[in-house]
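Coordinate inspection notes
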Amino acid sequence: MALMNENYLKLQGSYLFSEIARRISEFKKENPQADIIRMGIGDVTRPLAPAVIKAMHQAVDEMGQPGTFRGYGPEQGYEFLAQKIIENDFTPRGIEIDVSEVFVSDGAKSDTANFQELFGINNILAVTDPVYPVYVDSNVMAGRTGYPNAKGQFENIVYLPCNEENGMKPSLPLTRVDMIYLCYPNNPTGMTLSKEELEKWVAYARENKAIILYDAAYEAFIREENVPHSIFEINGAREVAVEFRSFSKTAGFTGTRCAYTIVPKEVMVYDSQGNCHSLNKMWLRRQTTKFNGASYPVQAAAAAVFSEEGKKQIRETIDYYMENAGIIKRGLEKAGYKVFGGVNAPYIWFKTPNQMPSWDFFDKLMKEAHVIGTPGAGFGASGEGYFRLTAFNSRENTEQAIERIKTRVFF
Ligand SMILES: *Cc1c(COP(=O)(O)O)cnc(C)c1O
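This structure is a prediction, so every number in the text was calculated from the model and none was measured.

Once that is clear, we can look at the sheet that holds strand β8 (residues 259–262). The strand order β2-β8-β7-β6-β5-β3-β4 describes an open sheet built from seven strands, whose pairing is mixed. Bordering the open sheet on either side are β2 (102–105) and β4 (157–161), each of which pairs with just one other strand. For this sheet, the mean angle separating the axes of adjacent strands, direction not counted, is 20°. Note that strand β6 (residues 211–215) and strand β7 (residues 241–246) share four bridges and pair parallel. Of the residues in β7, the one forming a bridge with leucine 213 is valine 242. Packed on one face of the sheet, helix α5 (residues 133–142) meets β3 (125–129), β4, β5 (179–183) and β6 and runs near 155° to β5.

See the structure below:
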């Protein structure tokens, strides 16, 4: 008899997006003529940059010729891409990264989910609340947690509430933790940490020999000064942090799939005898065993993101989304909402009026404005009473949606 991994029994169903879909389809049945605008999507909508498409076409042609055909590439990615990543994303910020510290992959979702397997099963992890659910669920599957309580919070996870009172900035944990997941600019709150704030986390990790798993998937959306683009801008971070980056939101690669993870040589974890071991070596071992690399045409396309025209084209698309973000933020503020995010991230996070439960607000917005967003409660207990809109829709729909919220939704 094949026994199951019983940790899967601890997981809650992927309730959030299926529940949203169920409510929309029910509403549509009763209101077939309603022109629904979806502002809940966490997916890009603008096409790939022409420079990226050109490079991908060329790479496909190379694969069709005996002289230029390529089979398996290096599991950790081609050096031509790693070099471009270092030269463009790190060197200009004064960060030295070696090619052997760059691990190219097919996504930051898989990297953030897989990386936990390098850690002991008894480590305590800390996550912000609200949180990107992948960090939590991957650790549940691995058996690093207990069962969830009535609020949906798992035993052996330290939740760091982010709310109006602390301006969506988590406080350092009060009890000892070993693995810390931070995502900045943040999904879902759209907020950032300053250099000084991030320095506190690096200091905590150094004092406690903890590791920070830093998700910088939205780095390209940062507009303000003094917002770190990489955790490696902080002195001492090379000894305690790993950074996840992705071409998904930066360059529209959600359907193309390419990301990378930086694992510095200095980051160490400890065995039960107290001897240190290199996470870089462990991740290399893991990837070479369980992963066979991102495809050559995709890596060639990702390298074109860093060409002069590629950079320009990508900037235009990000500007487009960030203008949408500004329209949403200003519109909601004008309508009297308390708004977070939308300045350095494509997410706008706001308080529901009169502490209305976020699912009730979802229904109200859908019924009165025909606008769909994401209830904050879907991202964690502290998300209750908040709501997320994204800047990834078209300009026209974004303007329409905000106009409708301003003129149709009242309290
Ligand atoms: C979208 C997103 C990613 C990117 O995932 P990919 O697998 O690279 O598409 C990573 N982290 C967060 C928080 C995200 O929202």
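On we go from here.
By rolling a water-sized probe across the atoms, one finds the places where empty space is left. Applying the stated rule across the entire model yields two cavities of 30 Å³ or more. Here the largest cavity defines a volume of roughly 70 Å³. Lining the largest cavity are 13 residues, with Pro47, Thr250, Ala251, Gly252 and Thr317 sitting closest to its centre. Put simply, the parts of the chain that give the lining of the largest cavity at least two residues each are α7 (247–251) and α10 (308–334).

To continue, consider the layout of surface pockets. Each pocket or cavity is described by its volume, and for the second largest pocket that value is around 450 Å³. Around the second largest pocket, the lining comprises 21 residues; the ones closest to its centre are Asp89, Glu219, Ala220, Thr250 and Arg315. Ranked by residues supplied to the lining of the second largest pocket, first place goes to α10 with four residues. Classifying every residue of the lining of the second largest pocket by side-chain character gives eleven nonpolar, four polar and six charged. Inspection of the lining of the second largest pocket shows a minimum of three residues originating in each of domain 1 (13–42 + 309–408) and domain 2 (53–306).

What follows is about the domain arrangement of the chain. One can read the domain layout of the chain as domain 1 (13–42 + 309–408) and domain 2 (53–306). Here the C-alpha centre of domain 2 lies 27 Å away from the C-alpha centre of domain 1. The interface formed by domain 1 and domain 2 contains two salt bridges. Taking the shortest distance from any N to any O, the salt bridge between arginine 223 and aspartate 319 comes out at 2.6 Å. At the surface where domain 1 touches domain 2, the tally comes to 13 residue pairs in polar contact (both at pLDDT 80 or more). For the side of domain 1 that touches domain 2, the elements supplying multiple residues, two or more each, are α10, β11 (339–341), β12 (347–351) and β15 (386–390). For the side of domain 1 that touches domain 2, the element with the highest residue contribution is α10, accounting for nine residues. The class makeup of the residues in the side of domain 1 that touches domain 2 is 14 nonpolar, eight polar and seven charged.

Rules and cut-offs
- Residues numbered from 1 in each chain as written.
- Predicted model: local features only at pLDDT ≥ 70, side-chain atom pairs only at ≥ 80, totals over all residues.
- Heavy atoms only, no water.
- Pairing = 2+ DSSP bridges.
- Helix = DSSP H or I, 4+ residues; strand = E, 2+ residues; numbered from the N terminus.
- Axes fitted to C-alpha atoms, helices over the stretch in contact; angles between N-to-C directions.
- Contact = heavy atoms within 4.5 Å.
- 1 Å grid on protein atoms, 1.4 Å probe; cavity = no way out; pocket = protein on both sides within 12 Å on 5 of 7 lines; lining within 4 Å.
- Points joined across faces, edges and corners; volume = space filled by probe spheres on them.
- Nonpolar A, V, L, I, M, F, W, Y, C, P; charged D, E, K, R; others polar.
- Domains from an automatic or database assignment.
- Salt bridge = Lys/Arg side-chain N within 4 Å of Asp/Glu carboxyl O.
- Polar contact = N/O pair within 3.5 Å; in protein donor to acceptor, adjacent residues only side chain to side chain.

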